Amino acid sequence: MKWKTMAAAGLALGTLFGALVAAPVAQAAEKYKVFLAMSWIGNDWQTGAMNMVTALSRHKDYIDKIDFSVQASGDNAQRQIQQINAMVQQGADVIIVYPISPTALNQVIKNACERGVVVFTYDSVVEEPCAYHVGVDVELGGYQRAKWLFTEMGGKGNVVELTGAAGTSFDDRTNAGTARALKEFPDIKIIASANGQWSQAEARVQMTKILATHTWDQIDGLLVQTGCGVLTDMQIEAGIAPTDVKPCGGEAANGHRVKMLPMDSVPGAIGLRSFSSGSGVFGAAVALKLAMKVLAGEQVAKSTTITHSPITTETAKLCIEGTAAEIKAGCNVLNPELMPNPFFYADVFEPDLLPELGLNAVLLAQPEP
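Computed from a predicted structure; not experimentally measured.

Before going further, it helps to spend a moment on the pattern of salt bridges. Tallied over the entire structure, the rule returns seven salt bridges. Across the pair E152 and R273 runs a salt bridge whose closest N-O atoms are separated by 3.5 Å. Taken together, the residues E152 in helix α4 (residues 138-152) and R273 in the loop between α8 (254-260) and β14 (274-276) connect sequence positions 121 residues apart. The exposure class of R273 is partly exposed, given its relative accessible area of 35%.

Glancing now at the packing of aromatic side chains. Counting across every chain of the model gives eight aromatic pairs. The interplanar angle of 70 degrees and the centroid separation of 6.0 Å between the aromatic rings of W45 and Y98 together place this pair among those described as edge-to-face. With W45 in helix α1 (residues 44-57) and Y98 in the loop between β7 (94-97) and α3 (106-114), this residue pair connects regions lying 53 residues apart in the sequence. Look at W45 and you get buried, because its relative accessible area is 10%. When the centroid spacing of 6.2 Å and the interplanar angle of 75 degrees are considered together, the rings of Y98 and W198 count as edge-to-face. Of this pair, Y98 sits in the loop between β7 and α3 while W198 is found in the loop between β11 (188-195) and α6 (200-210), placing the two residues 100 residues apart along the sequence. By relative accessible area, Y98 is classed as buried at 1%. The exposure class of W198 is buried, given its relative accessible area of 10%. Clustering of aromatic rings is evident, with ring pairs tying together W45, Y98, Y122, F170 and W198. Of note, R180 hangs over the ring of Y143, and the distance from its end group to the ring centre comes to 3.8 Å.

Time to look at the state of the cysteines. For the structure shown, the criterion picks out three disulfides. Paired through a disulfide, C319 and C331 show a sulfur-sulfur distance of 2.0 Å. Its torsion about the S-S bond being 105 degrees, the disulfide of C319 and C331 is classed as right-handed. Taken as a pair, C319 in strand β17 (residues 318-319) and C331 in the loop between α10 (324-329) and β18 (333-334) lie far apart in primary sequence, twelve residues in all. The pair C319 / C331 is uniform in exposure class, with both members buried. What links to what in the protein: the bonded cysteines, counted in sequence order, pair as 1-2, 3-4, 5-6.

Moving on, we come to the pairing of β7. The alternating pattern of β7 places V94 and I96 on one face and I95 and V97 on the opposite face, and all of these are buried. Here strand β5 (residues 32-38) runs beside β7; their pairing, made up of four bridges, is parallel. The partner of A37 across the bridge, within β7, is V97. Two elements, β7 and strand β8 (residues 118-122), share four bridges in a ladder whose sense is parallel. Its bridge partner lying in β8, V94 is registered against V118. For the crossover from β7 across α3 to β8, the handedness is right-handed.

One open sheet accounts for six strands, arranged β6-β5-β7-β8-β9-β15; its pairing is parallel. Sheet topology places β6 (66-72) and β15 (303-305) at the edges, where each strand pairs with a single neighbour. Averaged over all neighbouring strand pairs, the angle between strand axes comes to 15 degrees, with direction disregarded. Its contacts with the sheet place α1 against β5, β6, β7 and β8, and it is angled at close to 165 degrees to β6.

This next bit is on unusual backbone geometry. One non-glycine residue, Q197, lies in the positive phi region at around 60 degrees. Relative to the helices and strands, Q197 is located in the loop between β11 and α6. The partly exposed category is assigned to Q197, whose relative accessible area is 23%. A positive phi angle, near 55 degrees, is found at A365, a position not held by glycine. Residue placement: A365 occurs in the segment after α11 (359-364). Classification of A365 by relative accessible area gives buried; the value is 8%.

Structurally, the position occupied by M263 is in the loop between α8 and β14. With 21 residues separating them in the primary sequence, M263 and P242 have C-alpha atoms 8.9 Å apart. Dropping the residues within four chain positions of it, M263 is found in contact with P242, T243, A269, I270 and G271.

Here the focus is the sheet that holds strand β16 (residues 311-312). Here six strands make up an open sheet; going across it, the order is β11-β10-β12-β13-β14-β16 and the pairing mixed. Of all the strands in the sheet, the pair left with one neighbour each is β11 and β16. Sheet topology places β14 next to β16; two bridges connect them, and they run antiparallel. From the neighbouring strand, F275 faces β16, where its bridge partner is T312. Packing of helix α5 (residues 169-184) onto the sheet brings it into contact with β10 (157-163), β11 and β12 (221-224), and relative to β10 it is tilted by some 170 degrees. Helix α7 (residues 228-237) contacts β10, β12, β13 (248-250) and β14 of the sheet and is inclined by roughly 150 degrees relative to β12.

What counts as what
Residues numbered from 1 in each chain as written. Predicted model: local features only at pLDDT ≥ 70, side-chain atom pairs only at ≥ 80, totals over all residues. Heavy atoms only, no water. Salt bridge = Lys/Arg side-chain N within 4 Å of Asp/Glu carboxyl O. Helix = DSSP H or I, 4+ residues; strand = E, 2+ residues; numbered from the N terminus. Buried < 20%, exposed > 50% of the residue type's maximum accessible area, 1.4 Å probe, protein only. Phe/Tyr/Trp six-rings, centres within 6.5 Å; stacked < 30°, edge-to-face > 60°. Lys NZ or Arg CZ within 6 Å of the ring centre and 35° of its normal. Disulfide = S-S within 2.5 Å. Pairing = 2+ DSSP bridges. Right-handed = clockwise from strand over helix to strand, strands pointing away. Axes fitted to C-alpha atoms, helices over the stretch in contact; angles between N-to-C directions. Contact = heavy atoms within 4.5 Å.

Remember that the coordinates give geometry; whether it matters functionally is a separate question.
See below:
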């Protein structure tokens, strides 16, 4: 562990009775160097995650303690390795990583740990055991989503599937959950599958390609890691009535959840038959908070599981003001007036772990006032 403190201490003479009283210790502490090593960029989940951890770094409890910076490698494992190596060379104390691969980063992470760097992964994992991890039970989430959809379809029919970023552990484990559900529903057929890259725009592109060989009439359900809202829009654009769109098991984008609310209850609501779950965008911020505890010498679990909070059409509930108190009371869909970008994710609150953060964090990269 690297401790970066310099102290100057003095003693002051006490009262006339001769008592010695210690003067306040004057300390000038260097800031810890904290890096966010992102891989995938350009999708709204990663933007939200980056905004939230940036917001925490600006909170009064941390702003004078850490020097925070962000780098992104895209889907290039070698570039991410180079970036992490450079962070270590620059004297990193903490590196928070979204790993592009569960195996390719093992050696660079091991080297960082051996140099005293505290390494946290979020959402996706690596095999190197020295790294801490924050995330949801991904395989369980994939299983629950698929099982809901297959049940909603009556246990039979044709499904179009859009997966995530190939090669990441999150995508692999989600797909493992889907495979587990498929074994329970032998009359469900995946008639088309494409890589949606966790991108709303890519979901539209890939679905357009699929529709070149399959019509909406041939599709009974949609199973996506990202894109339920976009695919619903595509059906309505094609002339399908809102009440007749296909059921969709998907992510936690707020625009998707708005569509799940009762018809016309807010702009965009159509009562979409859907299951919405995902990994909270606050995972990287939780990792930063835990890393600071490690630096302070506290015991922290190697793996911290964030609870899944899946919702269905029946349990979708509008948050009017978007406060932590409302979230605790059970709402799970943010008023579109509060979150005008429909592709930003609704699961931005973690009142127990991150009371410092809320909507300001995900939208403006700022802590709560």
